[in-house]
Structure formats: C-alpha cells, structure tokens
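Remarks on the overall topology
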Amino acid sequence: MPVLFVHGVAVREEGDQGWEDLHRATQGVDWPGVQRLLREHVAPGLNPDAPGAVHVERVYWGDLGAHFTQGGQFRAAREREVAPEPDPLALDADALGEALERRLRAAHPVSEWPGVIRVAWGVARDARVRALLADLPPTERWGLLDAAAQARLPGRTRRLEPHLPPGLMRARRRNVKRAMREVRRPLEAFVPLFMGDVLAYLNGRGTPERPGAIPQRVLAGLRAAHAARTHPHEPLVVLTHSMGGQLIFDALHAFLPADPDGAGVRVDFWCACASQVGAFHELGFTLGGPHPDPHAGGRLGYFWNVWAYTDLLSFRAQGIAPGAHDTAFPLSGLVRSDHLAYLQQPDFYRTLAAKVAVHAGPRDPAAPPLESGA
C-alpha cells in the first residue's frame, strides 16, 4: 500500500550545492520526519496488520534544480562591501571613480547625489590629482580625494545635512547596512534558489513525448510506487508539498499518458499541501490544457488541495484546477514558517489518514472496480 512524497522547491540534501544556505534559512523539509509521521499516522490505515510493510518513499529532485554557476556572487558582494578601501593609487581611473562615488554618496543625502556623481568622476579622472596623491603617504590619500571633491561641489551641495558631518553620515549608513545584511542574509540564500527551482522545472520539463530530467524522476517514482502494490486493488497515495504539486499535476495530465512504461499507474489519493496548483493552472503554467479531465483519464482518484490563510505561498484550487477539493488548514500563524508547518504537525497526518480512509481506503478484491474518479 504505497505512499509517495514529492517535495517542492529550495530543498537540498546535505552535500548538494546550496544545502548550507537553504538549511540555515528554513531548515528545509525533514524527510526522515515526514516518513516517520506517514508511517505512524497514515500507514496503519492502509495496512492495519503490517503498517511497517507499507511502501513509504519520496521523489527527491533538488539536485536537478537551480544552482549558482559562479558560486553565489551575492555572498562575495557582501564581503566586498565591508572590505577596507584600497590604496587609491592602486586603482585605475574607472575603479577610482567607482570607489570615490561610493564614498561620497555615503556622506551626502540622496537629493545631492547627481552633483556628487559628476564631481567624483571629475576628480578620479584628473591627472593633476593623481600626481598629488603620489606625493602623499597612503594614509592621507583618501583625505586628499575627499577635500578635492568637496572643493568642487556646488555651494548648496557642500552643506551637508545639519549636524551630520560626512564621517557621521557614513557611520550611520554603515550601521544600517550592517543590520540589514543580517536580515537579507537568509533571503539572499533562499529566494534565488526558490525562484530558480521554479524556472528550472518550467524551462526544462520538456514535452510529454520527451520529458525533462525532473519529470523523468517523478515518473520513475510513480512507477516504483505502483510496482510496490501487493495487489491490484491496493491504493496508491501521493503527498506533495508546494511545487511538488505542479510536478504531479503535469505527470498525471501530460507525462504519464505518454509514458510507455506507465500503463496501469493510478494515484488513488493525492494530497497537495502548501499548494500552488490552482494558481499555476489559472496562469496557464500547467500541462494538459486549460480544461483537463478531472480524473486524468482514470489515473487520478481523489484530489485534496490543502492551503492556509497564513501560508502566503499556498492557494485555493477548488473550482480552478479540475477535480480539486479544498481545505484551509489552521496553522500556527507564523507567516515565516507556516509554509513548511503542515509537514511537522501530527494533526495534519491524522487528518490525511482520515481523508484517505474515506476516499481511497483498501478495497475488497472481490468488489467490483470503482468508477474512474471514485
């Protein structure tokens, strides 16, 4: 009585590129914990005599998702911002212009930046200023550049904000940057891979006749789960999280019908939690056309779409994605963590077990086969 789990975006195994950043940001999907809770709460309803014999596996596709082709330059950028300023004489005119502009912008209000930019580059390109720098010790060179720039600023621009001399303004902005770096750090690690995985799937999923790497792995997982049935009337249960729902929707409505090795594969119960299936379908990003068969030609039984008001990455699907039945699940109310919270709550798995029991429980082999979509 197989159960198959398909995760969403921004999930990596330890050792895969991006794991440390994602683990620091969200702790990721705890697959051993999900597997344990499925065995504890769902498996007994599928096989009361031997719940340990229930096939509970997952489709892992994080290694096929997006990755940083240059090692994540956003991290290097953060380090460059806090690096000490180089000797001006070690910079060519263009590099000196960038450095002096950045230095002056930090000491002036935004309203004065246009004039500051023009002056910074004028000073940086002035051969006479560079000759003067060569006569000074390194510790005094930036001071000369500051003075040269201040002398060229228009009268109004020279007057900085009241009570905020250049050094103090630089310090204030530096403190703001330091504080915001800590806020941005997990987002800079998580958001690029989150969006990148979505794009990696959409751009590389291929066609039903020639599926890409991620759909191939999903199909292999479905075939393996189907093969793990101990008798033909045993239900196959699929649990997806987040983007995993789009992978299963496309598999059932497009890839599986074209798969020569997928004959007979049927998902009797599919729970899409933290789901975006409805949003993706309404935007036209799912395969199978705008009005696919709610039961995918007999390959899908009951489709339970679980979302939450406090999970801002989840959406309704009932009345949008064919065959979906919605439930708004009550979570803790912590917006930052509620997208993963379903998978951590025993009450969710107990509810899932009850839904499976009434919609796709083990059937009597002697009973007539259920109609498609029962």
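The rules behind each value
- Residues numbered from 1 in each chain as written.
- Predicted model: local features only at pLDDT ≥ 70, side-chain atom pairs only at ≥ 80, totals over all residues.
- Heavy atoms only, no water.
- pLDDT = per-residue confidence, 0-100.
- Contact = heavy atoms within 4.5 Å.
- Phe/Tyr/Trp six-rings, centres within 6.5 Å; stacked < 30°, edge-to-face > 60°.
- Helix = DSSP H or I, 4+ residues; strand = E, 2+ residues; numbered from the N terminus.
- Buried < 20%, exposed > 50% of the residue type's maximum accessible area, 1.4 Å probe, protein only.
- Salt bridge = Lys/Arg side-chain N within 4 Å of Asp/Glu carboxyl O.
- Core = buried A, V, L, I, M, F, W, Y, C linked by side-chain atoms within 4.5 Å.
- Pairing = 2+ DSSP bridges.
- Axes fitted to C-alpha atoms, helices over the stretch in contact; angles between N-to-C directions.
- Expected span 1.5 Å × (residues − 1).
- Arc of directions from axis to C-beta.
- Polar contact = N/O pair within 3.5 Å; in protein donor to acceptor, adjacent residues only side chain to side chain.
- Parallel < 35°, antiparallel > 145°, perpendicular 65-115°, else oblique.
- Left-handed = near helix turned anticlockwise from the far one by under 90°.

1. Focus: the confidence of the model for the chain
- Averaged over all residues, the pLDDT of the chain is 86; the fraction at 70 or higher stands at 83%.
- Confidence drops under a pLDDT of 50 for residues 158–163, and excluding neighbours within four residues, the segment shows 13 contacts in the predicted structure.
- In this model, residues 367–374 is a region of pLDDT below 50 whose contacts with residues beyond four sequence positions or in other chains number 14 contacts.

2. Observations concerning the packing of aromatic side chains
- The final tally for this structure, using the stated rule, is ten aromatic pairs.
- Here the aromatic rings of Trp304 and Phe348 are separated by 6.3 Å at their centres, their planes lie at 10°, and the arrangement is stacked. Taken together, the residues span a long stretch of sequence, with Trp304 in strand E5 (residues 300–307) and Phe348 in helix H14 (residues 346–360) at a distance of 44 residues.
- Of the residues examined, Trp304 reaches a relative accessible area of 1% and is grouped as buried.
- On the accessibility criterion, Phe348 (0% relative accessible area) is buried.

3. Quick notes on the pattern of salt bridges
- Within this structure, the stated rule accounts for 15 salt bridges.
- In this structure, Arg128 and Asp126 form a salt bridge, with 3.2 Å as the shortest nitrogen-oxygen distance.
- Exposure remark for Arg128: the relative accessible area of 63% places this residue in the exposed category.
- Look at Asp126 and you get buried, because its relative accessible area is 10%.
- For the salt bridge of Arg229 with Asp268, the shortest nitrogen-to-oxygen distance reads 3.2 Å. Within this pair, whereas Arg229 is found in the loop between helix H10 (213–227) and strand E3 (237–241), its partner Asp268 is found in strand E4 (residues 267–273), the two being separated by 39 residues in sequence.
- For Arg229, a relative accessible area of 14% translates into the label buried.
- One salt-bridge network, in which partners are shared between bridges, spans Glu85, Arg103 and Asp146.

4. With respect to the nonpolar core
- Counting 41 residues, the largest nonpolar core has Leu222 and Trp270 as its most contacted members.
- For this core, the secondary-structure elements that each account for two or more residues are strand E1 (3–6), helix H9 (166–204), H10, helix H11 (244–255), E4, helix H12 (277–282) and E5.
- In terms of residues, this core owes the most to one element, H11, which gives seven residues.
- For Leu222, the contacting residues outside a window of four places in its chain are Leu4, Leu236, Val238, Ile248, Ala251, Val265 and Val267.
- In this structure, Val11, Val34, Cys273 and Ala360 belong to the second largest nonpolar core, which totals 37 residues.

5. Observations concerning the sheet that holds strand E6 (residues 324–328)
- Here six strands make up an open sheet; going across it, the order is E2-E1-E3-E4-E5-E6 and the pairing parallel. Edge positions in the sheet fall to strand E2 (56–59) and E6, since each has one partner strand and no second. If you compare each strand with its neighbour and ignore which way they point, the axes differ by 20° on average.
- Of the strand pairs in this sheet, E1 and E2 are connected by four bridges, and their pairing is parallel. Among the inter-strand pairings, Phe5 is bridged to a residue of E2, identified as Arg58.
- Relative to the sheet, helix H2 (residues 31–46) contacts E1, E2 and E3, its axis offset from that of E2 by approximately 135°.

6. Details of unusual backbone geometry
- Positive phi, normally seen in glycine, also occurs at Ala10, with a value near 55°.
- Ala10 sits in the buried class, given a relative accessible area of 5%.
- Phi angles above zero are rare outside glycine, and Ser242 is one such case at about 55°.
- Within the element layout of this structure, Ser242 appears in the loop between E3 and H11.

7. Considering helix H7 (residues 138–152)
- A rise of 1.5 Å per residue sets the reference length of H7, with its 15 residues, at 21 Å; its end C-alpha atoms lie 22 Å apart and thus fit the reference within 8%.
- Along H7, the positions that sit buried rather than exposed are Arg141, Trp142, Leu145, Asp146, Ala148 and Ala149. Projected down its long axis, H7 carries its buried residues within an arc of 165°, all on one side. In H7, the exposed positions angled more than 90 degrees off the buried face are occupied by Thr139 and Ala151.

8. Description of the environment of Leu38
- Here Leu38 shows up in helix H2.
- Exposure remark for Leu38: the relative accessible area of 2% places this residue in the buried category.
- The spatial distance from the C-alpha of Leu38 to the C-alpha of Phe5 is 9.6 Å, given a sequence separation of 33 residues.
- Ignoring anything within four residues of it in the chain, the contact list for Leu38 reads Val3, Ala43, Val56, Leu239, Tyr349 and Leu352.

9. Side note on the side chain of His108
- Position of His108 among the secondary structure elements: in the loop between helix H4 (93–105) and helix H5 (113–124).
- A polar atom in the side chain of His108 sits 3.1 Å from the side chain of Glu112.

10. Quick word on H11
- With twelve of its twelve residues buried, H11 lies for the most part within the structure.
- By the burial criterion, the buried members of H11 are Gly244, Gly245, Gln246, Leu247, Ile248, Phe249, Asp250, Ala251, Leu252, His253, Ala254 and Phe255.

11. Considering the packing of H5 against H7
- In the contact formed by H5 and H7, the axes pass within 9 Å of each other and the chain directions differ by 130°. In terms of orientation, H5 lies oblique with respect to H7. Seen from above, H5 lies across H7 with right-handed handedness. For the pair H5 and H7, contact is made by Val119, Gly122 and Val123 and by Leu145, Ala148, Ala149 and Arg152, respectively.

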